[in-house]
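Spelled out from the first residue to the last, the chains are:
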Amino acid sequence: MKPLLEVRGLEVEFATHRGPFRAVDGVSFEVQPGERLGLIGESGSGKSTIALALMRLIRRPGRIAAGSALLALGQAQDGQDGGTVDLLAATEEQMRSLRLAKIALVTQGAMNSLNPVMRIRHQMIDAMAAHGLHHDQVGWQARLAELLGAVNLKPDVADLFPHQLSGGMKQRVCIAIAISLRPRLIIADEPTSALDVVVQRRVMQTLRKVQRQIGAAVILIGHDMGLMAQFAQRVAVMKSGRIVEMGDVRQIFAQPSHPYTRLLMHSLPSLDPEDRARLLNEVGPEPLAVAEPV
């Protein structure tokens, strides 16, 4: 099967007074259509930098030093194969059209992603209108209700300001914006950070539900091994800017081969064999149930 995303030799550097610091060092991986890939590692390992590089959001003093990231565009309007685009070589104008439409980012900390002085309605409409989508008032109302319903939120959430929502609701609004143009790839950068465990599960249930609905692939970035076990199909383990191990999630959890992966496994709350067996039992084709509407 042709990969949806093919990353080869990605390098990202940051200028320092001591010289260039390579935050991402020759990273290569593939994402298949509809796949859920987990990217896991400790803070500072380069996970979020990869996400920003793929979105072309690296800012000075950082720069993308080398590599390619070929994204398959799917079928064109005439039914022909739309070909691929190298995200790292695309112009800024091309990237503006690709972001949200083909590749979307759900950032960590929804409180920093939403404009605090704009109602949710206007933020959602702005994202779609920037890509040429136009509706009358009734049409927008129906579209927003559809998107909010997809993430288990009521339509009247559109009339609220971000500060009137809980952390989990704000994160689900960000997911609704991310899927508004049905992208082929969603990058979720620690989407459950700063949320309690019950809300974390609800957010991940929502992400899994919408991923199935639109048929998108997901790159889930995080450091929670238990969360990866429940969501990802394959896992890539990062350390010091490099991928040190990659494999099927069951294989990684059952027989980690790299010492660093084993250290991450030891960071789980319990090393009791029965607890580990229960964790592995959660790793299935459909481990997360669909959340009930809120």
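Residues numbered from 1 in each chain as written. Predicted model: local features only at pLDDT ≥ 70, side-chain atom pairs only at ≥ 80, totals over all residues. Heavy atoms only, no water.

**Student:** Before we go on, may I ask you to explain the sheet that holds strand β7 (residues 185-189) in this structure?
**Tutor:** Across a sheet, paired strands are connected by hydrogen bonds in the backbone, their directions being either parallel or antiparallel. On the basis of which strands lie adjacent, the open sheet formed by six strands has the order β6-β7-β8-β3-β9-β10 and mixed pairing. Each edge of the sheet is formed by a strand with only one pairing partner; in this case those strands are β6 (103-106) and β10 (242-248). Direction aside, the axes of adjacent strands within the sheet are offset by 15 degrees on average. Lying on the sheet, helix α1 (residues 47-54) is in contact with β3 (36-41), β6, β7, β8 (217-222) and β9 (234-239); it crosses β8 at an angle near 145 degrees. (Pairing = 2+ DSSP bridges. Helix = DSSP H or I, 4+ residues; strand = E, 2+ residues; numbered from the N terminus. Axes fitted to C-alpha atoms, helices over the stretch in contact; angles between N-to-C directions. Contact = heavy atoms within 4.5 Å.)

**Student:** Looking at this structure, I do not really get the pairing of β7. What am I missing?
**Tutor:** Side-chain positions along a regular strand alternate between the two faces of the sheet. Burial analysis of β7 places five of its five residues in the buried class, which makes it a mostly covered element. Residues of β7 alternate between two faces, with L185, I187 and D189 on one and I186 and A188 on the opposite face, all of them buried. In this structure, β6 lies alongside β7, joined through four bridges in parallel fashion. Each bridged residue has a counterpart across the sheet, and for A104 the counterpart in β7 is I186. Across five bridges, the pairing between β7 and β8 is parallel. Paired with I187 across the two strands is I219, which belongs to β8. Chirality of the crossover, the property in question, places the unit of β7, helix α6 (residues 197-214) and β8 among those that are right-handed. (Buried < 20%, exposed > 50% of the residue type's maximum accessible area, 1.4 Å probe, protein only. Right-handed = clockwise from strand over helix to strand, strands pointing away.)

**Student:** Please explain the nonpolar core as it appears in this structure.
**Tutor:** Ranked by internal contacts, the top residues of the largest apolar core, which has 52 residues, are M124, V173, I175, I179, I186 and L207. The element best represented in this core is helix α5 (residues 167-178), accounting for six residues. Excluding residues within four positions of it along the chain, I175 makes contact with V106, V151, V203, T206, L207 and V210. If you look at the next biggest cluster of nonpolar residues, it comprises 34 residues, including A51, I58, M95 and I221. (Core = buried A, V, L, I, M, F, W, Y, C linked by side-chain atoms within 4.5 Å.)

**Student:** Mind showing me how you'd approach the sheet that holds strand β5 (residues 84-86) here?
**Tutor:** The four strands are arranged β2-β1-β4-β5 in an open sheet whose pairing can be described as antiparallel. The strands lining the two open edges of the sheet, one partner per strand, are β2 (19-31) and β5. Pairs of neighbouring strands in the sheet enclose a mean axial angle of 10 degrees, with direction left out of account. One ladder, built from eight bridges, connects strand β1 (residues 5-16) with strand β4 (residues 62-72); its direction is antiparallel. Its bridge partner being in β4, V12 is matched across the sheet by I64. Along the sheet face, α1 touches β1, β2 and β4 and points at about 110 degrees away from the line of β1.

**Student:** Explain helix α3 (residues 120-129) to me, please; I cannot follow it from the model alone.
**Tutor:** Residues three or four positions apart in an α-helix share a direction because the helix packs 3.6 residues into each turn. For α3, the set of buried residues is I120, Q123, M124, I125, A127 and M128. For α3, the secondary structure elements touched by its buried residues are α4 (137-150) and α5.

**Student:** Is there a simple way to explain the pattern of salt bridges in this structure?
**Tutor:** It is possible for side chains of opposite charge to pair when their charged atoms get near one another. Scanning the entire structure with this criterion turns up 11 salt bridges. Here R234 makes a salt bridge to E35, at a shortest N to O gap of 2.4 Å. Here R234, found in strand β9, pairs with E35, found in the loop between β2 and β3; they are 199 residues apart in sequence, far enough to count as distant. Its relative accessible area of 21% is what places R234 among the partly exposed residues. According to the relative accessible area criterion, E35 is buried, its value standing at 7%. (Salt bridge = Lys/Arg side-chain N within 4 Å of Asp/Glu carboxyl O.)

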